[in-house]
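Chains, contacts and geometry: an overview
Residues per chain, in single letters:
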Amino acid sequence: MSTDPAPEPREPKPALVFDDPLDQQSSDDTDRGWGERPDGGSAADLKRFLDEKPPHHL
């Protein structure tokens, strides 16, 4: 005789949201992820310049 194990409780499915997606800010609307770095002053700018300088400019 085989007995089926008791089914595990399922988590509720997320509700559908019908808001206007253009009202929300996307990650593309921010500077984060586009190469912008937090403001660190002129020392940070020099470090970034030296870090990103191509090898043939050494």
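For the structure itself, look to the data block above.
Residues numbered from 1 in each chain as written. Predicted model: local features only at pLDDT ≥ 70, side-chain atom pairs only at ≥ 80, totals over all residues. Heavy atoms only, no water.

What to know about the overall build of the protein chain
The helix and strand inventory of the protein chain stands at 1 helix and 0 strands. For the protein chain, the accessible surface area stands at approximately 6500 Å², while carbon and sulfur atoms represent 54% of it. (Helix = DSSP H or I, 4+ residues; strand = E, 2+ residues; numbered from the N terminus. Areas by Shrake-Rupley, 256 points an atom, 1.4 Å probe, with all protein chains shown as cover.)

Structural notes on a nonpolar patch on the surface
Where nonpolar side chains cluster on the molecular surface, the patch consists of Leu46, Phe49 and Leu50 and spans about 320 Å² of accessible area. For Leu46, the position within the fold is in helix 1 (residues 42-52). (Patch = residues over 30% accessible without salt bridge, like charges linked within 9 Å, V, L, I, M, F, W, Y side chains within 5 Å. Salt bridge = Lys/Arg side-chain N within 4 Å of Asp/Glu carboxyl O.)

Brief notes about the pattern of salt bridges
Within this structure, the stated rule accounts for 2 salt bridges. Where Lys47 meets Asp51, a salt bridge forms, and the shortest distance between an N and an O atom there is 3.0 Å. Note that Lys47 and Asp51 are positioned in helix 1 at a spacing of 4 residues, about one turn of the helix. Overall, the relative accessible area of 51% leaves Lys47 in the exposed class. With a closest N to O distance of 3.3 Å, Arg48 and Glu52 form a salt bridge. Of the two residues, Arg48 and Glu52 are both situated in helix 1; the distance of 4 residues between them amounts to about one turn of the helix. Residue Glu52 is classed as partly exposed on the basis of its relative accessible area, which comes to 46%. (Buried < 20%, exposed > 50% of the residue type's maximum accessible area, 1.4 Å probe, protein only.)

Purely geometric stuff here, so don't read any function into it on its own.
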